[in-house]
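A look at the structure
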Amino acid sequence: MELRHLRYFIAVAEEGHITRAAERLGLQQPPLSQRIKAIERELDVQLFRRKARGVELTEAGRDFLDNARAMLAQNERAIESTRRTARGEQGRLCVGVTPTGPFHPFVPRVIRAFREAFPLVSLTLEECLTPDLLKRLRNQQMDAAFLRTPMAEPEDLVINSLLEEPLVVALPSTHALAQNDGDAALSLKDLAGETFIVYARQHGPGLYDATTAACLKAGFSPRLGQEAPRITSALSLVAAGLGISAVPASMQRMMMDGVAYRRLKGPNQPKAVLNLASRRGDPSAVVRHFLNLVRLAAKNFRADRGKAA
């Protein structure tokens, strides 16, 4: 039975009169009357009782009316759901982020903005190290990822550079350089004799490379201590007095007993970058909406920071 036949039946049931239903549907009365009889034959039940001035539903007809309305409503919902998906207004989105990413105020802010703009999209946020993020992107297990590593754009991925922030130095709170005014900035040369706890290069070389390059420009080769798999591990080692570490400024939001943060000054201040990676040519409208929103939000974020400065 075609959906239009259900609409014919519903019109007759609601009007209680075949002629009026035909006028409502823009049909002639005889073809509509024949179609109703064909529906009754197909179902092998009587749906209407004929009266002198119209028709009325039988008990079976009332039951079929409820089901016909439900079927049409379900069909309309399916059509609208398909259209929303095609427009990128609903669907699924998996976004990856490095362990330091959520500490940058931009990341939670833009995730929240996307959820507000596209409430029907089911968004999941997963934390992984950079190699895993890239692998999952390429395997289509993830749709986009916030990275901390500067990288040349591979053929299969698109890398959007979003923001930069300075690195700060995390010191044991008992360190002599941590005893001065908390707002006082340190020179990289002040750290020449220190042991640097570094973020393991194989997990994401961005912070490792930025730290060592800045030290070399400042005139010394950093003495490298233990490598930490995650920034939180590096801060734990700093708290234990095993060395110092250069971390993104946004990590100062992570207060840890035994750790003090100090700004760096001078011409060679190291920077941490925030990039957004996605698959090249991804056909998903949901992904396209997310990328556009993030790029626009980053532009506005930079403009706001520029005004504040």
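What this report covers is the structure whose coordinates are included nearby. (Residues numbered from 1 in each chain as written. Predicted model: local features only at pLDDT ≥ 70, side-chain atom pairs only at ≥ 80, totals over all residues. Heavy atoms only, no water.)

With that settled, consider the nonpolar core. Counting residues in each nonpolar core, the largest one holds 25 residues, and the members touching the most others are Leu93, Phe106, Phe114, Phe146, Leu162 and Phe290. Here the element with the most residues in this core is helix H9 (residues 285-308); it accounts for eight residues. For Leu162, the contacting residues outside a window of four places in its chain are Phe106, Phe146, Leu274, Asn275, Leu276, Val294, Ala298 and Arg302. One finds Leu129, Ala210, Leu237 and Ala272 within the second-largest nonpolar core, a separate group that totals 22 residues. (Core = buried A, V, L, I, M, F, W, Y, C linked by side-chain atoms within 4.5 Å. Buried < 20%, exposed > 50% of the residue type's maximum accessible area, 1.4 Å probe, protein only. Helix = DSSP H or I, 4+ residues; strand = E, 2+ residues; numbered from the N terminus. Contact = heavy atoms within 4.5 Å.)

On to the packing of aromatic side chains. Summed over the entire model, instances satisfying the criterion amount to six aromatic pairs. Here the aromatic rings of Phe114 and Phe290 are separated by 5.3 Å at their centres, their planes lie at 85°, and the arrangement is edge-to-face. With Phe114 in helix H5 (residues 106-117) and Phe290 in helix H9, this pair connects stretches of sequence that are 176 residues apart. Residue classification places Phe290 among the buried positions, given a relative accessible area of 0%. For the ring pair Phe146 and Phe290, a centre distance of 6.4 Å and an interplane angle of 75° mean the geometry is edge-to-face. (Phe/Tyr/Trp six-rings, centres within 6.5 Å; stacked < 30°, edge-to-face > 60°.)

With that settled, the discussion passes to the pattern of salt bridges. Here the structure, examined in full by the defined rule, presents 16 salt bridges. In this structure, Arg24 and Glu15 form a salt bridge, with 3.2 Å as the shortest nitrogen-oxygen distance. The partner of Glu126 in a salt bridge is Arg136, with the nearest N and O atoms 2.3 Å apart. Residue Glu126 is found in strand E4 (residues 120-127), and its partner Arg136 is found in helix H6 (residues 130-138); the two are separated by 10 residues along the sequence. Three or more residues are tied together by salt bridges with common partners; here these are Glu14, Glu15, Arg20, Arg24 and Arg69. (Salt bridge = Lys/Arg side-chain N within 4 Å of Asp/Glu carboxyl O.)

A contiguous patch of positive charge, built from Arg109, Arg112, Arg253 and Arg305, is present on the exposed surface. Take Arg109: it is sitting in helix H5. (Patch = residues over 30% accessible without salt bridge, like charges linked within 9 Å, V, L, I, M, F, W, Y side chains within 5 Å. Areas by Shrake-Rupley, 256 points an atom, 1.4 Å probe, with all protein chains shown as cover. Lys, Arg positive; Asp, Glu negative; His and termini not counted. Charge placed at Lys NZ, Arg CZ, Asp CG, Glu CD.)

Moving on: the side chain of Asp143. Relative to the helices and strands, Asp143 resides in the loop between H6 and strand E5 (144-147). One polar contact links the side chain of Asp143 to the main-chain amide nitrogen of Cys94, over a distance of 2.8 Å. Polar contacts involving the side chain of Asp143 include one to the side chain of Arg279, which spans 3.4 Å. Excluding anything up to four places from it in sequence, Asp143 contacts Arg92, Leu93, Cys94, Leu137, Ala277, Ser278, Arg279 and Val287. (Polar contact = N/O pair within 3.5 Å; in protein donor to acceptor, adjacent residues only side chain to side chain.)

The next point concerns the pairing of strand E1 (residues 48-51). Consecutive side chains along a regular strand alternate between the two faces of the sheet. Relative to strand E2 (residues 54-57), E1 runs antiparallel, the two sharing four bridges. In the sheet register, Arg49 faces E2, and the bridge partner there is Glu56. Once E1 ends, the chain turns through two residues before running back antiparallel as E2. (Pairing = 2+ DSSP bridges.)

Moving on to the pairing of strand E8 (residues 195-199). The element E8 is largely enclosed, with a buried count of four among its five residues. Bridge count between E8 and strand E9 (residues 223-228): four bridges; the pairing is parallel. Pairing of Thr195 across the sheet is with Arg223, part of E9.

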